[in-house]
Amino acid sequence: MPRCIPEPYRIKMVEPLRMTTREHRAACLEKAGYNTFLLHSDDVFIDLLTDSGTSAMSDRQWGALMVGDEAYAGSRSFDHMRESIEDVMGYALVIPTHQGRGAEHLFFQNFVQPGDIIPMNMYFTTTRAHLELAGGEFRDVICDEAHDTSSDFRWKGNVDIEKLDGLVEQYGSERVRAISVAPDVNMAGGQPFSLQNLREVRAYCSGHGIKVFLDITRIAENAWFIRHNEAGFADWSIKEIIREICSNSDGAWMSSKKDGLVNMGGFLAMQPWEDELFQRCRSQVVVYEGLHTYGGMSGRDMESLAVGLREVCEDSYLSCRHSQIELLHGLLARAGVPVVNPCGGHGVFLDARAFLPHIDQDHYPAQALAAEIFLECGVRTMERGNVSAGRDPETGLNRRPKLELVRLAIPRRVYTESHLEYTAEGIIDVYHRRHAVRGLDIISEPAVLRFFQSRFSQHTETLPVVDSEHHLAVPPPHYW
Ligand code: F0G
């Protein structure tokens, strides 16, 4: 019996992969300053760094590329993309951008006033950076379960309305003018919200004059969870659920590089009643991105996005994708590897604090683990912990977030079951020799979004003694 649902597609084109030696990978890591973002793609065997822009397009999408309209103004491909967004999500007003952060930039620059407090269900790195660059402040209103890697709560992406209400009490709705809610919360391990929770958030916000804007980057994956796990939605199509999610908002931005099933692109979209904000954003897209009918995207990219947004709504595709992620999650969990539960929507997340309890968070256990996995088996993953969270601007100290994770993001329609089994074996091997893994020290770091470009060296402190059964004989100096 196969353990994954068979892929509802077959492979028409292949891209060769190259396996390297351990010595070669050790040299690559040193050259890259132990940062997986600084590795060269040719040195990577299986690339689980991100699910962003790494999807395999369908033959229908490749066909659509050929009919892209590259006109500078009034491109037909923009109409197709806009119609597809309106059809799937219900938003009539659309501004294309080169990728998600282009849309975030336009939105926050035009919406936020200095001193505004924008609560979110956890943060995403670029979203928070654009909010803060526009003079706003982030507050986390995700439910407590999201910070507990062992909790099996299915809706860890839910907003805690009491936390939201506390902020409104404290700052008033003059400062808490909007909430931003993301489906399939990336930094929490790809955890979904329930539609019931979103409806409650919407009702609360409507009662207080607070806008709801969504980051719909992974909306189809969240819709799949709702269809298969939330009471009352089993008979709804994915598209109907997506439209229902969007109808509970005033607008949204999307990085199309994920659930758009394309390699580049993004957009900002709004409901008709947000026309004034929309016009302001549209007048600025020409400064930062390109004319409002292409906004940094080529005509062919808009054309293939129009197709991708419809394909992503196919339940057979989403069910197969989820079964792949569950397979990897199950192989690791059964071997005792600490993973975030339950299994998320776009990948598997390792709990690096539990994996490497002998490494203090200021020696970046998740960063060290990502480097070690690459050394072991050539699989590239990404840190989502203390490095990604950055420093507190007031104190200059690391933020030390509760979640210290390594993300194994699964590209869409790209890898097969055997790639995932190979990945699990490599990580289990690292787990068996985990006490020999060293922490890292930062050598250099940029001021903003430091995880992309920071460089590290291995921390030299003597490692704790380990007995023959791989248990710590001496407790590590800094235990959580
Ligand atoms: N919002 C979310 C939830 C994201 O995951 C991303 C990107 C963005 C916005 C920004 O979009 O990259 O197109 O500019 N996430 C990528 C990732 C980088 O690997 O998770 P972008």
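Residues numbered from 1 in each chain as written. Predicted model: local features only at pLDDT ≥ 70, side-chain atom pairs only at ≥ 80, totals over all residues. Heavy atoms only, no water.

1. Some points on the overall build of the protein chain
Helices and strands together make up the secondary structure of the protein chain, namely 16 helices and 14 strands. Since a compact globule built from 480 residues should have a radius of gyration of about 23 Å, the 22 Å found for the protein chain is in line with a globular shape. Taking the principal axes of the C-alpha coordinates as reference, the protein chain spans close to 65 × 55 × 45 Å. Here the contacts in the protein chain between residues at least 6 apart in sequence split such that 72% fall between residues at least 24 apart. Of the roughly 19200 Å² of accessible surface on the protein chain, a fraction of 52% belongs to carbon and sulfur atoms. The protein chain carries 48 positive and 67 negative side-chain charges, and their two centres are separated by 3 Å. (Helix = DSSP H or I, 4+ residues; strand = E, 2+ residues; numbered from the N terminus. Rg over C-alpha atoms; globule rule 2.2 N^0.38 Å. Contact = heavy atoms within 4.5 Å. Areas by Shrake-Rupley, 256 points an atom, 1.4 Å probe, with all protein chains shown as cover. Lys, Arg positive; Asp, Glu negative; His and termini not counted. Charge placed at Lys NZ, Arg CZ, Asp CG, Glu CD.)

2. Some points on the domain arrangement of the protein chain
When its domains are assigned, the protein chain resolves into domain 1 (22–51 + 314–458) and domain 2 (60–311). Between domain 1 and domain 2, the C-alpha centre-to-centre distance is 26 Å. Listed as interface residues are 32 residues of domain 1 and, on the opposing side, 40 residues of domain 2. At the boundary of domain 1 with domain 2, total buried surface from both sides reaches about 2800 Å², with 54% on carbon and sulfur atoms. Taken as a group, Leu318, Pro342 and Leu403 account for 19% of the area that domain 1 buries against domain 2, more than any other trio of residues on that side. On the surface where domain 1 and domain 2 come into contact, there are 7 salt bridges. Linking domain 1 with domain 2 are 20 residue pairs in polar contact (both at pLDDT 80 or more), by the criterion used here. Residue assignment for the side of domain 1 that touches domain 2 shows that the elements contributing at least two residues are helix H12 (315–334), strand E9 (347–351), helix H15 (386–389) and strand E12 (405–409). Of all the elements, H12 adds the most residues to the side of domain 1 that touches domain 2, at 6 residues. In terms of residue class, the side of domain 1 that touches domain 2 is built from 14 nonpolar, 7 polar and 11 charged. (Domains from an automatic or database assignment. Buried area = accessible area lost by both parts, 1.4 Å probe. Salt bridge = Lys/Arg side-chain N within 4 Å of Asp/Glu carboxyl O. Polar contact = N/O pair within 3.5 Å; in protein donor to acceptor, adjacent residues only side chain to side chain. Nonpolar A, V, L, I, M, F, W, Y, C, P; charged D, E, K, R; others polar.)

3. Side note on the nonpolar core
Met89, Ile216, Ile242 and Phe267 are the most contacted members of the largest nonpolar core, which totals 58 residues. The biggest single contributor to this core is helix H8 (residues 219–229), with 6 residues. Apart from the residues lying within four places of it in its own chain, the contact partners of Met89 are Ile216, Ile219, Ile242, Arg243, Cys246, Met254, Phe267 and Leu309. Cys343, Ala370, Val430 and Phe456 belong to the second largest nonpolar core, which has 50 residues in total. (Core = buried A, V, L, I, M, F, W, Y, C linked by side-chain atoms within 4.5 Å. Buried < 20%, exposed > 50% of the residue type's maximum accessible area, 1.4 Å probe, protein only.)

4. Remarks on the site of the ligand
With respect to spatial proximity, 17 residues lie near the ligand, and among them Thr50, Arg101, Asp215, Ser255 and Lys258 are the closest. Residue Gln99 places a side-chain N or O atom 2.8 Å away from an oxygen atom belonging to the ligand. Between the ligand and Lys258, the relevant distance is 2.9 Å, taken from a nitrogen atom to a side-chain nitrogen or oxygen of the residue. In the complex, the protein chains occlude 95% of the 470 Å² of accessible area that the ligand would expose alone. Counting residues per element, the shell around the ligand draws most heavily on helix H4 (residues 100–111), which supplies 3 residues. Its residues placed into classes, the shell around the ligand shows 2 nonpolar, 8 polar and 7 charged. Here the shell around the ligand spans two domains, since at least three of its residues come from each of domain 1 (22–51 + 314–458) and domain 2 (60–311). (Near = heavy atom within 4 Å.)

5. Topic: the packing of helix H3 (residues 76–89) against helix H9 (residues 238–247)
Packed helices, taken two at a time, are described by the angle between their axes plus the distance between the axes. Put simply, H3 and H9 touch, their axes get as near as 7 Å, and they point 90° apart. By the angle class used here, H3 and H9 are roughly perpendicular. Along its contact with H3, which presents Glu86, Asp87, Val88 and Met89, the element H9 presents Lys239, Ile242, Arg243 and Cys246. Within the contact of H3 with H9, the residues separate by chemical class into 4 nonpolar, no polar and 4 charged. (Axes fitted to C-alpha atoms, helices over the stretch in contact; angles between N-to-C directions. Parallel < 35°, antiparallel > 145°, perpendicular 65-115°, else oblique.)

6. Some thoughts on the sheet that holds E9
Pairing between the strands of a sheet comes from backbone hydrogen bonds, and it takes one of two forms, parallel or antiparallel. Spatial strand order, E9-E12-E11: 3 strands in an open sheet with antiparallel pairing. A strand with exactly one partner marks an edge of an open sheet, and here the two such strands are E9 and strand E11 (382–384). Across the sheet, the mean angle separating the axes of adjacent strands is 35° when strand polarity is ignored. Where E11 lies against E12, 3 bridges are found, and the strand directions are antiparallel. Following the sheet pairing, Met382 is matched in E12 by Arg407. Together, E9 and E12 form the strand contacts of H12, whose direction differs from that of E9 by roughly 25°. Lying over the sheet, helix H14 (residues 365–377) contacts E9, E11 and E12, oriented at roughly 45° with respect to E12. (Pairing = 2+ DSSP bridges.)

7. Considering the state of the cysteines
In total, this model carries 0 disulfides according to the counting rule given. Of all cysteine sulfurs in the structure, the one in Cys313 sits closest to Cys246, which takes part in no disulfide; the separation is 10 Å. According to the relative accessible area criterion, Cys246 is buried, its value standing at 0%. Cys343 forms no disulfide, and the closest cysteine sulfur to it belongs to Cys4, at a distance of 11 Å. Owing to a relative accessible area of 6%, Cys343 belongs among the buried residues under this scheme. (Disulfide = S-S within 2.5 Å.)

8. Focus on the pairing of strand E5 (residues 178–181)
Residues of E5 alternate between two faces, with Ala178 and Ser180 on one and Ile179 and Val181 on the opposite face, all of them buried. Strand direction decides the pairing type here: E5 and strand E6 (residues 211–215), joined by 4 bridges, are parallel. Across the sheet, residue Val181 finds its bridge partner in E6, namely Leu214. In this fold, the crossover linking E5 to E6 by way of helix H7 (residues 195–208) has right-handed handedness. (Right-handed = clockwise from strand over helix to strand, strands pointing away.)

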